[in-house]
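Residue-level structure breakdown
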Amino acid sequence: MSKIIVVTSGKGGVGKTTSTAAIGAGLAMRGKSTCVIDFDVGLRNLDMIMGCERRVVFDFINVIQGEARLNQALIKDRRLENLSILPASQTRDKDALTKEGVEKVLNELREQFDYIVCDSPAGIERGAQLAMHFADEAIVVTNPEVSSVRDSDRVLGLLSSKTHRAETGQDPIKPHLLLTRYDTARVAKGEMMPLEDVLEILAIPLLGIVPESPAVLRASNVGTPVVLEGKSPAASAYEDAVSRLMGEQIEMRVQRPERPGLLSRLMRREA
Amino acid sequence: MNSHTPTDSRDAAVDTAPAPFNLRSRFITAVVVKLSGPVGEPFYSALDLMIRQAPHFFVGAPLVIDVELASSLQDKADFLRLAREMRNRRLFAIGIQNGTEEQSVAASHAGLLALQGGRDTALEAKRPKDRTAQAPDSTKVPDPPQDPAKVETLIVTDPVRSGQRVFAGNGDLIVVNSVSAGAELVAHGNIHVYGAMRGRALAGVNGDTAARIFCQSLEAELIAISGLYKTSDDFDPSVLKQRTQAYLQDDTLCLDILK
């Protein structure tokens, strides 16, 4: 049974596209056939992060509007044979997305792929709502600061009320928290929110903690998902997150833990 | 008043067959129509107007006619006519109250109960001290709680997230989880939050000054009862993150730590 996972956050710039690319690639590395979809119509970025921008011929909107077949628009990744990308259109806007069109494309993708990872645009408008609408699980990307946490909370509310699963009374979308750009040194100085505070407010299971790392920006600049760009703390954090997404129990590792007891607290949270 | 259960061997023979009926007590709440004068055309047109304005208000509600000020209703025929006219409007009078002895007899001949005892709820909203300081009056039959059709408690077990609004239009609102900053709880009655209360809570929104707000941890952005509000800036720092109740006293919104 294939799974549709939306990567969402409400707030912009927290690392949705980076996380979509890393998790999509991570799933493909684990042998799962995976498709990543860019829902950010008009501001497409995922193809750049994935390093395939020059190979885009047809896009998501072309498929929705019947101007191209799905397999014409899907781009196969050159590094991972299990990974495909469905890029967004840069010349249209979010109004070109229709609920019926999105559903049709997703149903077609379900037949081909184990995992369909939807990269949501920022905000809570049409694009973001359609990206989450048909999801089975959600990865809520959050930075350890108040406005990001507040926006994530808002998005969690939408996930539990405005989505297909909520409207048809099915099991609710399973939410996962992915804390990104976590800097233990700045948390210790009181410049960032500690993990415990974020978990207390959002009260959803933790999928992973991705440390602030120059490797992330470096990978983006060269168009490679961070998990394919050699060993870095961020890459191992994403790999762990992928394992947990696939249902494995993995110990939560925080890079450079700054005080004793943090790890045991994390383990308790996870249980 | 429970169904009959055999406890005695003498009953054994009788009890092999199911009892033809069981007795149970039941409280019902009736709508009292207090007549303010003779029953004539003006009364019926006023009744029609009210039904037009609130077509569902009377549906299925048992009515009791208060005849204290309607001495013109005397004969069985008067009561029969009144009951028939009400039935034509799909209103069901079950009895009268506050009648004279003659009126009670005439009403019972017309098939209406002559009710005794009981109290009407006040016409206007009660003051807070009415509800809290009222000693039980042993000489009177206690009122049934309140109309179950009109008062419904809304229970929410999921977290109330930022941007969500929960409205309890028929009574109390109970949240058995946390309420996020940017979420809003609105209730005609009381609000209980068994979790951290970080959003906004507005109780007694249609003017019930006796409504209260209770929470496990007060971190709210705004608390309001019957339109009187306080924002977190106005909270005494000692109540923050404490188990707290909010209530109105002399038109002042008070926040107290629950012991």
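Residues numbered from 1 in each chain as written. Chains lettered and ligands numbered in written order. Predicted model: local features only at pLDDT ≥ 70, side-chain atom pairs only at ≥ 80, totals over all residues. Heavy atoms only, no water.

Per the secondary structure count, chain B includes four helices and 15 strands. Looking at chain B as a whole, 34% of its 259 residues qualify as buried. Sequence separation of at least 24 residues holds for 34% of the intrachain contacts in chain B that already meet a minimum separation of 6. For chain B, the accessible area works out to roughly 16,200 Å², and carbon and sulfur atoms hold 53% of it. (Helix = DSSP H or I, 4+ residues; strand = E, 2+ residues; numbered from the N terminus. Buried < 20%, exposed > 50% of the residue type's maximum accessible area, 1.4 Å probe, protein only. Contact = heavy atoms within 4.5 Å. Areas by Shrake-Rupley, 256 points an atom, 1.4 Å probe, with all protein chains shown as cover.)

This part covers the sheet that holds strand β4 (residues 113-115) of chain B. All names here are of chain B. An order of β1-β2-β3-β4 is seen for the four strands of this open sheet, with the pairing classed as parallel. Strand pairing shows two members of the sheet lacking a second neighbour, β1 (31-34) and β4, which therefore form its edges. Recorded for the sheet is a direction-independent mean angle of 35 degrees between the axes of neighbouring strands. Note: strand β3 (residues 92-97) against β4, three bridges, orientation parallel. Looking across to β4, one finds that Gln97 is bridged to Leu115. (Pairing = 2+ DSSP bridges. Axes fitted to C-alpha atoms, helices over the stretch in contact; angles between N-to-C directions.)

So, on to the pattern of salt bridges. Residues and elements named next belong to chain A. Tallying each qualifying case throughout the model produces 23 salt bridges over all chains. With a closest N to O distance of 2.7 Å, Lys94 and Asp40 form a salt bridge. Taken together, the positions of Lys94 in the loop between β4 (83-86) and α5 (99-112) and Asp40 in the loop between β2 (34-38) and α2 (46-49) put the pair 54 residues apart, joining distant regions of the chain. (Salt bridge = Lys/Arg side-chain N within 4 Å of Asp/Glu carboxyl O.)

The subject of this paragraph is the packing of helix α1 (residues 41-53) of chain B against helix α2 (residues 76-88) of chain B. Residue and element names in this part refer to chain B. At their nearest, the axes of α1 and α2 sit 12 Å apart, and the two run at 25 degrees to each other. By the angle class used here, α1 and α2 are roughly parallel. Once α1 is placed against α2, the crossing between them reads as right-handed. Residues Phe43, Tyr44 and Leu47 of α1 lie in contact with α2, whose contacting residues are Arg81, Leu82, Glu85 and Met86. Residue classes in the contact of α1 with α2 are distributed as five nonpolar, no polar and two charged. (Parallel < 35°, antiparallel > 145°, perpendicular 65-115°, else oblique. Left-handed = near helix turned anticlockwise from the far one by under 90°. Nonpolar A, V, L, I, M, F, W, Y, C, P; charged D, E, K, R; others polar.)

The next subject is the environment of Leu70 of chain A. Residues and elements named next belong to chain A. Assignment of secondary structure puts Leu70 in helix α4 (residues 70-73). Overall, the relative accessible area of 3% leaves Leu70 in the buried class. Along the chain, Leu70 and Leu109 lie 39 residues apart, while their C-alpha atoms are 8.4 Å from each other. Excluding its chain neighbours within four sequence positions, the residues that come into contact with Leu70 are Val63, Leu86, Val105, Glu108, Leu109 and Gln112.

Our next topic: the UniProt feature "binding site: ATP" (unreviewed entry) in chain A. Residues and elements named next belong to chain A. Under the feature "binding site: ATP" (unreviewed entry), the UniProt entry names Lys11, Gly12, Gly13, Val14, Gly15, Lys16, Thr17 and Thr18. As for its position among the elements, Gly13 is in the loop between β1 (3-8) and α1 (16-29). Assessed through its relative accessible area of 63%, Gly13 is described here as exposed. Mapped onto the fold, Gly15 is located in the loop between β1 and α1. Apart from the residues lying within four places of it in its own chain, the contact partners of Gly15 are Val141 and Tyr238. (UniProt positions renumbered as here; feature names shortened; annotations may be inferred.)

All names here are of chain A. Direction vectors running N to C along helix α7 (residues 146-159) and helix α10 (residues 195-202) enclose 30 degrees, while the axes themselves pass 10 Å from each other. By the criterion of interaxial angle, the relationship of α7 to α10 is roughly parallel. Considering the relative orientation of α7 and α10, their crossing is right-handed. Judged by residue contacts, Val149, Ser152, Asp153 and Leu156 of α7 engage Val198, Ile201 and Leu202 from α10. Along the lines of polarity and charge, the residues of the contact of α7 with α10 split into five nonpolar, one polar and one charged.

Take unusual backbone geometry next. For Ala203 of chain A, which is not glycine, the phi dihedral falls at a positive 50 degrees. Backbone geometry at Asn98 of chain B places phi at a positive 60 degrees, although glycine is not the residue there. Of note, Asn98 of chain B is situated in the loop between β3 and α3 (101-109).

Residues and elements named next belong to chain B. Inspection of the secondary structure assignment puts Arg89 in the loop between α2 and β3. Here Asp48 takes part through its side chain, which lies 2.6 Å from a polar atom of the side chain of Arg89. Not counting residues up to four positions away in its chain, the partners in contact with Arg89 are Tyr44, Leu47, Asp48 and Ile51. (Polar contact = N/O pair within 3.5 Å; in protein donor to acceptor, adjacent residues only side chain to side chain.)

All names here are of chain B. Put simply, chain B has an average pLDDT of 79, and 76% of its residues get 70 or more. The secondary-structure element of chain B with the lowest mean pLDDT is helix α4 (residues 128-133), recorded at 38, while strand β7 (residues 173-175) shows the highest, at 97. Low confidence marks residues 1-14, where pLDDT is under 50. Its contacts with residues over four positions away, or in another chain, come to 11 contacts. Considering only residues more than four positions removed or in separate chains, one finds that residues 122-145, a stretch of pLDDT under 50, has 16 contacts. Reported confidence for the predicted complex is 0.77 by ipTM and 0.67 by pTM. (pLDDT = per-residue confidence, 0-100.)

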